[in-house]
Amino acid sequence: MKALQIRQFGSAADVLEYVDREPLPLRNGMVRVKILASPINPADLNWIEGTYGTRPLLPDVPGTEAAGEVIESADASFAPGARVMLLSYAHGWQEQRIIPAAELLPLPPELSWADAAMLKVNPATAWRMLHDYAELTAGSVIVQNAANSGVGRCVIQLARICGWRTINFVRNPTVAEELREWGADVVCSDDESGKQEALAYLRKRDERAVLALNAVGGESAMRQFDLLADGAVQVTYGAMGRRPLSVPNKFLIFRDLTCRGFWLSRWLSQSSSEAIVSMYGKLIEWMLAGHLKQPVDGMVALSDYTHALERQYAPDRRGKVLFVPSA
Ligand SMILES: NC(=O)c1ccc[n+]([C@@H]2O[C@H](COP(=O)([O-])OP(=O)(O)OC[C@H]3O[C@@H](n4cnc5c(N)ncnc54)[C@H](OP(=O)(O)O)[C@@H]3O)[C@@H](O)[C@H]2O)c1
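## Things to note about the site of the ligand
Right, so step 1: The local shell around the ligand holds 23 residues, among which Ser-149, Gly-150, Arg-171, Gly-238 and Leu-264 are the closest.
Right, so step 2: Breaking the shell around the ligand down by element, the ones donating at least two residues are helix H2 (42-49), helix H4 (122-132) and helix H5 (150-162).
Right, so step 3: Here the shell around the ligand is built from residues that sort into 13 nonpolar, nine polar and one charged.
Right, so step 4: Three or more residues apiece are contributed to the shell around the ligand by two domains, here domain 1 (2-119 + 297-324) and domain 2 (122-265).

## Regarding the sheet that holds strand S10 (residues 186-189)
Right, so step 1: Spatially, S10-S9-S8-S11-S12-S13 is the arrangement adopted by the six strands of the open sheet, whose pairing is parallel. Among the strands making up the open sheet, the edge pair consists of S10 and strand S13 (258-261). This sheet shows a mean twist of 20 degrees between the axes of neighbouring strands, independent of strand direction.
Right, so step 2: By the bridge criterion, four bridges tie strand S12 (residues 228-236) to S13 in an arrangement that is parallel. Residue Val-233 lies in a different strand from S13, and its bridge partner there is Thr-258.
Right, so step 3: Taken strand by strand, H5 contacts strand S8 (141-144), strand S9 (165-170) and strand S11 (209-214), and its axis lies near 160 degrees from that of S9.
Right, so step 4: Its contacts with the sheet put helix H8 (residues 218-225) on S8, S9, S11 and S12, and the angle it makes with S12 is roughly 155 degrees.

## Examining unusual backbone geometry
Right, so step 1: Here the amide bond leading from Leu-58 into Pro-59 is cis, since omega sits at 0 degrees, within 30 degrees of zero.
Right, so step 2: Although it is not a glycine, Ala-146 sits at a positive phi angle of roughly 45 degrees.
Right, so step 3: Relative to the elements of secondary structure, Ala-146 occurs in the loop between S8 and H5.
Right, so step 4: C-beta crowding within 10 Å serves as the criterion here: with 24 such atoms nearby, Ala-146 is assigned to the buried category.
Right, so step 5: One non-glycine residue with positive phi stands out, namely Arg-242, at about 55 degrees.
Right, so step 6: Looking at the element boundaries, Arg-242 is found in the loop between S12 and helix H9 (249-253).
Right, so step 7: Arg-242 sits in the exposed class, given 9 other C-beta atoms within 10 Å.

Parameters at a glance
- Within every chain, residues take consecutive numbers counted from 1 along the sequence as written.
- Given that the model is predicted, a residue must reach a pLDDT of at least 70 before its local features are reported, and side-chain atom pairs must reach 80 or more before they are shown or counted; all residues, however, enter totals for whole chains, interfaces and linings.
- Near residues are defined by distance alone, with the backbone-placed C-beta atom required to lie within 6 Å of the molecule or strand.
- Only runs of H or I of at least four residues qualify as helices and only runs of E of at least two qualify as strands under DSSP, and these elements are numbered from the N terminus.
- Throughout, the ten residues Ala, Val, Leu, Ile, Met, Phe, Trp, Tyr, Cys and Pro are labelled nonpolar, Asp, Glu, Lys and Arg are labelled charged, and all others, Gly among them, are labelled polar.
- As annotated, the domain borders come from an automatic or database domain assignment.
- The pairing criterion for strands is at least two bridges between them, as found by DSSP.
- Each axis is a line fitted through C-alpha atoms, and for a helix only the stretch in contact is used; angles between axes span 0 to 180 degrees, taken between their N-to-C directions.
- With C-beta atoms placed from the backbone, a contact is any residue pair whose C-beta atoms sit within 7 Å.
- In this scheme every C-beta is placed from the backbone, and a residue whose C-beta has 20 or more other C-beta atoms within 10 Å is buried, one with 12 or fewer is exposed, and one in between is partly exposed.

Dropping the structure here:
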């Protein structure tokens, strides 16, 4: 079976290899899944570089999330033909994966493979950050950077579903109109003038944001503090700008702001299976109802991984790039 593999850490373009791997035999309690879609996420590129929160033993097949069809089962809970999402680290950039049945989430047939493959990470990250850090009430304001990202778009849509408002900072303001169509209340460029625009929106209503979501760091993260209410929380979940977070002392002393971090892997490893199944059930419902969408840039065969990486880094990328099995 075909797979994308790394034997050393480095930039994906340098170290990924398209290889043949021997399929392993099935043991009791395990299931063989034919992987039908697996996206490229920023975390995958960090994983391949060896800069992620955990490092795999090498050689390794990357791919944080994936969905597919059961083709062989040694566990009573899944029969061949079942559609599943891989809940643990997916190692998804390959044609097949053997995985314990307990690490699979059953999926309804109406969910597309693309939606199924993008369910685990970004929608859940947005949902947890919106629920676990601040008491949000009708009309509450959330501020976020990298708002056109996969997570950012999930935040916008989930906030709209729940009746909360979002102030969204983006590097490239040409996406503003599109994000408004997705439900964003305010879209500003991620710079000083954008911050002033956001402040003007809040001052007009005599209010402040109660939650800030930071995927960038550096100056972008610092700009969020001015928009927050006393006692509000900033949750950092990404480091796209590769600049450290620095917090001017005054925000801690006079405004009692709190800085927290979120990592979905930790939440998944610490939560009960009931909580996990219930959260994904709700997210799937919204996806099927068309309220929670994630854009796709393209579906690319594993064998065409150099093209997939080109699209991942292309300035005009319009959504996730997903790997699908080679023809
Ligand atoms: N902690 C967790 O559990 C968790 C879970 C999911 C995701 N994440 C993190 O969340 C972040 C977004 O993930 P995603 O899948 O939503 O990403 P994505 O859809 O690939 O979007 C990437 C976003 O990052 C922005 N960006 C790229 N380079 C940047 C830079 N140098 N400075 C500022 N912004 C930059 C992009 O803006 P442009 O469009 O302008 O390029 C875009 O908004 C990543 O850091 C990811 O690792 C964390």
